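Residue-level structural notes
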Amino acid sequence: METKALYQERRSVNYFDENKPLSKSTLEEIINLAVLAPSAFNLQPWRIIAAESKEAKEKLKALSNNQSKVAEAPVTLIIVGNKNGWDESNPVWEEMLQSVGNNTDMVDGAKQAAAFLYGSNEERSLKFAESNAGLLAMSIMIAAKELGVDSHPMSGIDFEGIHKAFTLQPYETVVMTIALGYVDHSKTLYPKRPRRGFNDILTVV
Ligand SMILES: Cc1cc2nc3c(=O)[nH]c(=O)nc-3n(C[C@H](O)[C@H](O)[C@H](O)COP(=O)(O)O)c2cc1C
């Protein structure tokens, strides 16, 4: 699909065809395209939980203000940000070291910078996790659309409840959820609403 059309035609789909599953290979392709999203120092401070079983989706739906699309979609993703994604435990540092010819000074400098920028207080850690994982989320929706898969992002959810019910780590944060599947063509989506544009939102300084 042409990139412009991807942006113009993506919708938040409220009605999913419950009889149309999402194949594992399609989900894999979506995720492997989406992870090409940029992230700070390429640290990729995120992971994804795919709620696919009836039990998992019902549990998630109950923690999503009972939004029915959570369970009607073949899969609903929980986008998880890692507030500690800047620290030593991130395997990306090792890959970075190899990719710069074992230049330890360079990687140590990057680690120090990241520790300050993203780990020196809670607000920075949360911004780090949410901004990067937010880009991943958009990337997932665009990759999905390219492959003919519809999506719906959600933050009308019980973030803490999901954190607990899906046993996330204390350093992890629920960023949003995304229902994925195929639109139910028997139902009508509300029309796409206009956006505030260039003249409304841009200030040139
Ligand atoms: C971060 C985020 C959270 C959202 N949360 C919800 C939600 O919980 N429930 C819902 O029905 N729509 C939710 N939406 C969908 C928006 O209402 C929708 O994107 C907006 O109205 C524009 O419609 P469109 O995506 O079809 O262009 C969310 C969208 C975003 C980006």
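Before going into details, it helps to say that this report is about the structure given with it. (Residues numbered from 1 in each chain as written. Predicted model: local features only at pLDDT ≥ 70, side-chain atom pairs only at ≥ 80, totals over all residues. Heavy atoms only, no water.)

1. Some words on the pairing of strand β3 (residues 150-154)
- Among the five residues that make up β3, four are buried, leaving the element largely enclosed by the rest of the structure.
- With five bridges connecting them, β3 and strand β4 (residues 172-181) associate as antiparallel partners. The residue bridging M154 from the neighbouring strand is T177, located in β4. (Buried < 20%, exposed > 50% of the residue type's maximum accessible area, 1.4 Å probe, protein only. Helix = DSSP H or I, 4+ residues; strand = E, 2+ residues; numbered from the N terminus. Pairing = 2+ DSSP bridges.)

2. A word on the site of the ligand
- Surrounding the ligand, one finds 13 residues, the nearest of these being R11, S12, Q67, G156 and R195.
- Within the side chain of R11, one N or O atom sits 2.7 Å away from an oxygen atom of the ligand.
- At 2.9 Å, a backbone N or O of S155 approaches a nitrogen atom of the ligand.
- In the complex, the protein chains occlude 67% of the 620 Å² of accessible area that the ligand would expose alone.
- Tallying contributions element by element places β3 first for the shell around the ligand, with three residues.
- Tallied by class, the residues present in the shell around the ligand amount to three nonpolar, five polar and five charged. (Near = heavy atom within 4 Å. Polar contact = N/O pair within 3.5 Å; in protein donor to acceptor, adjacent residues only side chain to side chain. Areas by Shrake-Rupley, 256 points an atom, 1.4 Å probe, with all protein chains shown as cover. Nonpolar A, V, L, I, M, F, W, Y, C, P; charged D, E, K, R; others polar.)

3. Side note on the side chain of S39
- Within the fold, S39 resides in the loop between α2 (24-34) and β1 (46-51).
- In this structure the side chain of S39 is engaged in a polar contact, spanning 3.2 Å, whose partner is the backbone nitrogen of L43.
- Once residues within four sequence positions are removed from consideration, S39 is found in contact with Q44, P45, W46 and N132. (Contact = heavy atoms within 4.5 Å.)

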